[in-house]
Amino acid sequence: MSIRKLVNIWIDGACVGNPGRGGYGAVLVYGDIQRELSGGYRLTTNNRMELMAAIEALKALKVSCSVEVHSDATYVVDGVRNGQMRRWRMVGWYRGDKVAAANADLWDELLKLCEVHEVKFTWVKSHSGEPGNERCDRLAKQAAHGASLPPDVGYESPSFPPPRPTLFDDLPD
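Residues numbered from 1 in each chain as written. Predicted model: local features only at pLDDT ≥ 70, side-chain atom pairs only at ≥ 80, totals over all residues. Heavy atoms only, no water.

Provide a residue-level description of the pattern of salt bridges, including the pertinent values.
Scanning the entire structure with this criterion turns up nine salt bridges. Two residues, lysine 59 and glutamate 56, come together in a salt bridge whose shortest N-O distance is 3.3 Å. Placement of the pair is lysine 59 and glutamate 56 together in helix 1 (residues 46–59), with a separation of three residues, close to one helical turn. Residue class for lysine 59 comes out partly exposed when judged on its relative accessible area of 38%. Of the charged contacts, one joins lysine 112 and aspartate 108 as a salt bridge, the two residues approaching to 3.0 Å between their closest N and O atoms. (Salt bridge = Lys/Arg side-chain N within 4 Å of Asp/Glu carboxyl O. Helix = DSSP H or I, 4+ residues; strand = E, 2+ residues; numbered from the N terminus. Buried < 20%, exposed > 50% of the residue type's maximum accessible area, 1.4 Å probe, protein only.)

Here you go:
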């Protein structure tokens, strides 16, 4: 039995307007090693950037780890901790009768990454002087102001979740 490496991650997202230009930042710490990640999009939302920060940070881990993700976004922390994203997945990424879950493409990707790693999400108060949170906030804001930002395809041209079939659609046999 192997012991997983313990990694602490701080994440944040930012938007200039909401929707608007967006960025994410992440600070990953393993022992004395620290790595920073950031990126941005030309048109997105703050919630998407919060999710993207978590996704990109977890994707950066090359082996299965024990991870504590620190975030000031209750949207992300509560979505994971209360099982909301798992319930949405069970019903095809819909919250209720024909109401698609917002950001289902990113929730789906985050859930898959949480199944690779042992992940715990912890809420931290924003702008409280916590160094990891302050740094990823600066990274996210800087990324949102970057030049030549790519499109957030999941926001600008959403195709997930697929539309639910109705009784009037041709269904496969």
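So what's going on with the side chain of threonine 122? Which residues, and what values?
Structurally, threonine 122 is set in strand 7 (residues 118–123). Ignoring sequence-local partners within four residues, the contact set of threonine 122 consists of Glu68, Val69, His70, Ser71, Val77 and Arg81. (Contact = heavy atoms within 4.5 Å.)

Got a sec to walk through the nonpolar core? Specific residues and values, please.
Proteins that are soluble and globular tend to have nonpolar side chains buried together. Core analysis: the biggest nonpolar cluster contains 37 residues, and Ile9, Leu110 and Phe121 have the highest contact counts within it. The greatest single-element share of this core, amounting to eight residues, is contributed by helix 1. (Core = buried A, V, L, I, M, F, W, Y, C linked by side-chain atoms within 4.5 Å.)

Lay out unusual backbone geometry with the relevant residues and their values.
Residue proline 19 is reached from asparagine 18 by a cis peptide bond, and omega for that bond is 10°. Topologically, proline 19 is positioned in the loop between strand 1 (5–17) and strand 2 (20–30). Although it is not a glycine, histidine 127 sits at a positive phi angle of roughly 55°. In this fold, histidine 127 is placed in the loop between strand 7 and helix 5 (131–144). The backbone of serine 148 shows a phi angle near 50°, a positive value even though the residue is not glycine. Secondary-structure assignment places serine 148 in the loop between helix 5 and helix 6 (153–156). According to the relative accessible area criterion, serine 148 is exposed, its value standing at 74%.

Break down the sheet that holds strand 1 for me, with residues and values.
Strand pairing in a sheet relies on backbone hydrogen bonds, with the paired strands running either antiparallel or parallel. Strand order in the open sheet formed by five strands is 3-2-1-4-7, with mixed pairing between adjacent strands. Here the strands that pair on one side only, and so sit at the sheet edges, are strand 3 (33–44) and strand 7. Averaged over all neighbouring strand pairs, the angle between strand axes comes to 20°, with direction disregarded. In the packing of helix 2 (residues 74–81) onto the sheet, contacts are made with strand 4 (65–71) and strand 7, and the angle to strand 7 comes to roughly 135°. The strands touched by helix 5 within the sheet are strand 1, strand 2 and strand 3, with strand 2 carrying the most contacts at an inclination of about 145°. (Pairing = 2+ DSSP bridges. Axes fitted to C-alpha atoms, helices over the stretch in contact; angles between N-to-C directions.)

Now, about the packing of helix 1 against helix 4 (residues 104–116): what can you tell me, with residues and values included?
For the pair helix 1 and helix 4, the least separation of the axes is 10 Å and the interaxial angle reads 30°. Taken together, the axes of helix 1 and helix 4 are roughly parallel relative to one another. Viewed along their axes, helix 1 and helix 4 form a crossing whose handedness is left-handed. In this structure, helix 1 uses Arg48, Leu51, Met52, Ala54, Ile55, Leu58 and Lys59 to contact helix 4, whose residues at the interface are Asp105, Leu106, Trp107, Glu109, Leu110, Leu113 and Cys114. Residues that form the contact of helix 1 with helix 4 fall into these classes: ten nonpolar, no polar and four charged. (Parallel < 35°, antiparallel > 145°, perpendicular 65-115°, else oblique. Left-handed = near helix turned anticlockwise from the far one by under 90°. Nonpolar A, V, L, I, M, F, W, Y, C, P; charged D, E, K, R; others polar.)

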